[in-house]
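Below, each chain spelled out in residue letters.
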Amino acid sequence: MNEEKKKNHSRTRINCLDVFLILLLVLCVVSVWQRNNLKNLFESEDTLQDHTISFEIKALRATTAVLLTKDAVLYLGGEGEHHLLGRLLEDSVAAPASVELSDGAGNTIQAVYPQDDARSLKDVTGTLVCSGFSRDGAFFLGGTIRLAVNQTVSVCTERVDLEIRIIDINEKT
């Protein structure tokens, strides 16, 4: 009988302290594995701030240009996945669209599209407010998507898809 009692007592039992120690060990291993990510999380100077992005759109139909009003939301990307680009700070400015041509002598001539047609074309400029950070001369929208001056990107609103060219990116003061 003594042997049976000894066998019963020799069984391994897990109690709350054992579970706590195992979880603590797992947490230590994960924290050592992720130490660089944790360091970047707490020491990063890349905090998201408001920036203004100035853009232009060449030869846009006048009926489409009127859709770009104050507080209109623009999303980055065409069909499929969309990322919030920003909100228009003010109504966009539309001017008669023009193109630069060369004459036979090599001189540059600026030609303006006719304005009497309802389908006339406009050159549109505007300014967006968006969230991101600047590092090493580059702007990162939302901290992940890199945007640069003179870059052409596809954007969309609730009603229209557009191609814009970024003219300037500044930190909003």
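For clarity, every value in this text was computed on a predicted model and none was experimentally measured.

## Focus on helix α2 (residues 16-33)
No. 1: The end-to-end C-alpha distance of α2 is 26 Å, a good match for the 26 Å that 18 residues give at a rise of 1.5 Å each.
No. 2: Between the side-chain oxygen at the start of α2 and the backbone nitrogen of L17 there is a gap of 3.1 Å, and the oxygen is on N15.

## Points about the side chain of T52
No. 1: Note on placement: T52 falls in strand β1 (residues 49-61).
No. 2: T52 sits in the buried class, given a relative accessible area of 15%.
No. 3: With residues near it in sequence (within four places) discarded, T52 still touches T127, L128, D168, I169, N170 and K172.

## Regarding the environment of V160
No. 1: In this structure, V160 sits in the loop between β10 (152-156) and β11 (161-171).
No. 2: Each C-alpha atom, one on V160 and one on L67, is 8.5 Å from the other, the two residues being 93 residues apart in sequence.
No. 3: With residues near it in sequence (within four places) discarded, V160 still touches T64, L67 and V155.

## Some details on the environment of T108
No. 1: Among the secondary structure elements, T108 is positioned in strand β6 (residues 108-112).
No. 2: The exposure class of T108 is exposed, given its relative accessible area of 55%.

## A few points about the nonpolar core
No. 1: One finds I53, I57, L85, L147 and V155 to be the most contacted residues of the largest nonpolar core, which totals 24 residues.
No. 2: Elements that contribute at least two residues to this core include exactly β1, β2 (73-76), β3 (83-88), β7 (121-135), β8 (138-141), β10 and β11.

## Here's the deal with the pairing of β1
No. 1: As paired strands, β1 and β7 are joined by eleven bridges and run antiparallel to one another. Counted as the bridge partner of L60 is K122 from β7.
No. 2: Across six bridges, the pairing between β1 and β11 is antiparallel. Its bridge partner lying in β11, H51 is registered against E171.

Rules behind the numbers
Along each chain, the written sequence defines residue order, and numbers are assigned to residues from 1. At least 70 in pLDDT is required for a residue's local features to be given in this predicted model, at least 80 for side-chain atom pairs to be given and counted, and no such filter applies to totals for whole chains, interfaces and linings, which use all residues. Side-chain numbers here rest on the full set of heavy atoms in the structure, without hydrogens or water. Here a strand is any run of E in DSSP of at least two residues, a helix any run of H or I of at least four, and the numbering for each starts at the N terminus. The span one expects for a helix is its residue count, reduced by one, times 1.5 Å. In protein, a polar contact requires one atom able to donate a hydrogen and another able to accept it; more generally it is a pair of N or O atoms within 3.5 Å, and residues adjacent in sequence count only if both atoms are side-chain atoms. For each residue, the accessible area found with a 1.4 Å probe, counting protein chains only, is set against the maximum for its type, and the residue is called buried under 20%, exposed over 50%, and partly exposed in between. The criterion used for residue contact is that any of the two residues' heavy atoms lie within 4.5 Å. Only buried residues count toward a nonpolar core, which is a set of Ala, Val, Leu, Ile, Met, Phe, Trp, Tyr and Cys residues joined through side-chain atoms within 4.5 Å. Strand pairing is assigned whenever DSSP identifies at least 2 bridges connecting the two strands.

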